[in-house]
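# Observations on the three-dimensional arrangement
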Amino acid sequence: MGSESGRVKRGEQSRISQWLRRRPKPAPEDPAAAREELLLAVAAAGLPIAPAAHPVGYRCSCDRVGCPTPARHPVSFAWQTQSTTDRAQIERWTRDQPQANFITATGMVHDVLDVPLEAGRSALERLLAAGIEVGPVAESGGTDDQARMLFFTATRGTPEDEDEWWPCELDCHPETMDEHPGLRWHCRGSYVLLPPAALPGDFAVSWLRDVSQPLPDPLTLLETLTDACAAYAGTAARTPAAVAWPLGR
């Protein structure tokens, strides 16, 4: 009886092993499909997007000699009017331009508070510990002085009195980004690079908290982010700057 039971068990194990070998292995995730899904999720959340340049080695895919922001800028000067949430258009872009990065135009639906990565990590920890609704957060890789953290918020909009808000054209552009090591407020006329994005030097832009998180009021984050930037600037013997950062020309 015991030997018969042993033969049955061995037979069952053999059949299970054969079934496991025959069962199709799950296909690896298609990076292009995963990228498109992430971008469509951004559009579904109401954030308009447009194609951007991409890295070619350590250079930019654009034809500008010595591009100051390689792989970080839109491909079209009309990016503000080109930006869209239309699913069909985004699918065409992602399939026709498989290497392209994408930007999202700020100041219409959302703003972005952009801080040094070290300051951002400190602020994010403090905000979450305090139970504050943080919203989507992305990390933009780079060297120590280039790496940033992006806090996506609801836009403050355009008040009736223009004098109480920033004009569309200030003197801060991508070429002057090194002059503003502290907090940058991307509002009307500005943009940020969206995850997933590739950067020169094998760096990337990726989500820490995706767009399924509701957009908070930027003022609920501002004090903590400003304090974190001040501490960061203090360690580097620099004075933080808080600026609105429109990028269109």
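Keep in mind that what you see is a predicted model, and the values were worked out from it rather than measured.

### Some thoughts on the overall build of the chain
The number of helices and strands found in the chain is six helices and twelve strands. A burial count over the chain gives 45% of its 249 residues as buried. For the chain, the computed accessible surface area is about 13,700 Å², with 52% contributed by carbon and sulfur atoms.

### With respect to the confidence of the model for the chain
Here the chain averages 81 in pLDDT, and 73% of its residues register 70 or above. Long-range and interchain partners of residues 161–176, a stretch whose pLDDT sits below 50, account for 35 contacts in this model, where long-range means more than four residues apart. A low-confidence stretch, residues 245–249 stays under pLDDT 50, and its non-local contacts, those more than four residues away or across chains, total 30 contacts.

### Some details on the pairing of strand β11 (residues 203–209)
Sheet analysis places strand β6 (residues 137–140) next to β11, joined by four bridges and oriented antiparallel. Bridge pairing links V137 to R209 in β11. Looking at chain direction, strand β10 (residues 197–199) and β11 are connected through three bridges and run antiparallel. Bridge pairing links L199 to F203 in β11.

### What to know about the pairing of strand β7 (residues 148–154)
β7 sits mainly inside the fold: six of its seven residues count as buried. In terms of strand pairing, strand β5 (residues 110–116) meets β7 through seven bridges, oriented antiparallel. Considered in β7, the bridge of L113 is made with F151. Pairing geometry for β6 and β7, over four bridges, is antiparallel. Bridge pairing links A138 to L150 in β7.

### What to know about the packing of aromatic side chains
Under the definition given, this model contains three aromatic pairs. A ring pair is formed by W93 and F102, whose centres lie 6.3 Å apart and whose planes are at 45°; its orientation type is tilted. With relative accessibility at 9%, the residue W93 sits in the buried group. Relative accessible area serves as the criterion here: at 1%, F102 is assigned to the buried category. With 5.1 Å between their ring centres and 55° between their planes, F152 and W207 make a pair best called tilted. Within this pair, whereas F152 is found in strand β7, its partner W207 is found in strand β11, the two being separated by 55 residues in sequence. Neither F152 nor W207 differs from the other in exposure class; each is buried.

What counts and how
Within each chain, residue numbers correspond to sequence positions counted from 1 in written order. Note on the predicted model: pLDDT of at least 70 is required for a residue's local features to be given, and 80 or more for side-chain atom pairs to be given and counted; whole-chain, interface and lining totals, by contrast, use all residues. The side-chain values count all of the structure's non-hydrogen atoms but skip hydrogen atoms and water molecules. Helix and strand definitions here come from DSSP, where helices need a minimum of 4 consecutive H or I residues and strands a minimum of 2 consecutive E residues; each element is numbered from the N-terminal end. Partly exposed residues are those whose accessible area sits between 20% and 50% of the maximum for their type, while under 20% is buried and over 50% is exposed, using a 1.4 Å probe and protein chains only. The Shrake-Rupley method, run with a 1.4 Å probe sphere, supplies the accessible areas, and residue values consider only the shown protein chains as cover. For every residue, the predictor states its confidence as a pLDDT score lying anywhere from 0 to 100. In this analysis, two residues are considered to be in contact whenever any of their non-hydrogen atoms come within 4.5 Å of each other. Each pair of strands is called paired provided DSSP finds at least two bridges between the two strands. Stacked, tilted and edge-to-face are the three classes assigned to paired rings of Phe, Tyr and Trp, where Trp is represented by its six-membered ring and a pair needs centres within 6.5 Å; plane angles under 30 degrees give stacked, over 60 edge-to-face, the rest tilted.

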